[in-house]
Every structure is written in C-alpha cells, then in structure tokens.
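Here's the letter readout for the chains.
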Amino acid sequence: MKKDRIFIGTGRRKTSVAQVRMVPGTGKITVNGVDVREFFPYETNIMDLKQPLVATGNEETFDIDVKVKGGGFTGAAGAIRLGIARALLSYDIENEGSEGSYRNILKKCGFITRDARIKERKKPGLKAARRAPQFSKR
C-alpha cells in the first residue's frame, strides 16, 4: 500500500461542497472535526456516504477527514459520497484500464456521476418555482 500518501477528492451535491482527504488507516471518518455519527442525525446519511467504500471493499482501509459547507444533511452526504469516490479513483490510478479497477466498479454503481439537480428558482408572479396562485373563477 502507498504509505503516507493523501488522496483528495471534491464532491458537490445541491448546494453542498465537500473536500475529502483520505489517508491509509483504520476506517475512522470525521466530518468538520467531529465523528460522522455526531455530525449526521440519520443512519441513512452515513450509509449513503459509505457506499463507495463498501462497493470497493475499503470500509476499514482509510481514515477519512471531510470538510463540508452549505446545504443540509442529504446534500452534504451526497457531496461526501462523490468526494470519497473521486479520492478512491486517485488512489487506484495505476489500475485504471484493468477489468477490476475502482473506476469500473464505481461507474457501474453510479457513484462517479455528479447529481446536477438543484433547486429551481422562484419565478415572478408565482408562489414558488412553478406553483401558481389559486385560480378563482368569480
């Protein structure tokens, strides 16, 4: 294994931006200086961000330190998931063309693709992006 190397990945989702630093270690994940279980209130968010590690079999191979800004818990978890996937790609750069490369595994699961869906802006004359005021015939 590549000792003392830091693998970096940046992920974005909705309005959240996550900077992920991966170092060979024991599987400890910290988000903004606190443990991942203290930062996220729901277990589903934690499962969501760990998906790239589970798919590649690296749950207890790396210590991960994350700085995340903006958005809510779901957006932050999605941003961290993309950042972890990108950091895993930088770790597995030598095997990129081979059959069992992390790129093939992560691409098949859909973890490399950036989810571009963001909130649509409110339009003038409407109550929300598409919600019109109630129509009154009389």
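Every value quoted in this text rests on a predicted model; they were computed, and no experiment measured them.

1. Quick notes on the pattern of salt bridges
Here the structure, examined in full by the defined rule, presents 6 salt bridges. A salt bridge links arginine 37 to glutamate 43, with the nearest nitrogen and oxygen atoms 2.9 Å apart. Overall, the relative accessible area of 44% leaves glutamate 43 in the partly exposed class. Across the pair aspartate 115 and arginine 117 runs a salt bridge whose closest N-O atoms are separated by 2.8 Å. Several salt bridges share partner residues, and in doing so they unite Arg13, Asp115 and Arg117 into one network.

2. A few points about the packing of helix H3 (residues 73-91) against helix H4 (residues 102-109)
Close contact between H3 and H4 brings their axes to 9 Å; oriented N to C, the two are set at 160°. As judged from the angle between their axes, H3 and H4 are roughly antiparallel. Two packed elements cross with a definite hand, and for H3 against H4 that hand is left-handed. Contacts between H3 and H4 pair Ala85, Leu88, Leu89 and Tyr91 from the former with Tyr102, Arg103 and Leu106 from the latter. Counted by class, the contact of H3 with H4 contains 6 nonpolar, no polar and 1 charged residues.

3. Focus on the environment of tyrosine 102
Residue placement: tyrosine 102 occurs in helix H4. Separated by 32 residues in sequence, tyrosine 102 and glycine 70 have C-alpha atoms that sit 29 Å apart. If we ignore the near neighbours within four places in the chain, the residues touching tyrosine 102 are Thr56, Asn58, Leu88, Leu89, Tyr91 and Asp92.

4. A word on the sheet that holds strand E4 (residues 34-35)
Reading across the sheet, the 5 strands line up as E1-E2-E5-E3-E4 and stay open at both edges, with mixed pairing between neighbours. Two strands bound the open sheet, and with one partner strand each, they are strand E1 (7-13) and E4. Of the strand pairs in this sheet, strand E3 (residues 29-31) and strand E5 (residues 62-69) are connected by 3 bridges, and their pairing is parallel. Considered in E5, the bridge of valine 31 is made with valine 66. H3 rests against E1, strand E2 (16-24), E3 and E5 of the sheet, and its axis sits at about 150° to E1.

Parameters at a glance
- Residues numbered from 1 in each chain as written.
- Predicted model: local features only at pLDDT ≥ 70, side-chain atom pairs only at ≥ 80, totals over all residues.
- Heavy atoms only, no water.
- Salt bridge = Lys/Arg side-chain N within 4 Å of Asp/Glu carboxyl O.
- Buried < 20%, exposed > 50% of the residue type's maximum accessible area, 1.4 Å probe, protein only.
- Axes fitted to C-alpha atoms, helices over the stretch in contact; angles between N-to-C directions.
- Helix = DSSP H or I, 4+ residues; strand = E, 2+ residues; numbered from the N terminus.
- Parallel < 35°, antiparallel > 145°, perpendicular 65-115°, else oblique.
- Left-handed = near helix turned anticlockwise from the far one by under 90°.
- Contact = heavy atoms within 4.5 Å.
- Nonpolar A, V, L, I, M, F, W, Y, C, P; charged D, E, K, R; others polar.
- Pairing = 2+ DSSP bridges.

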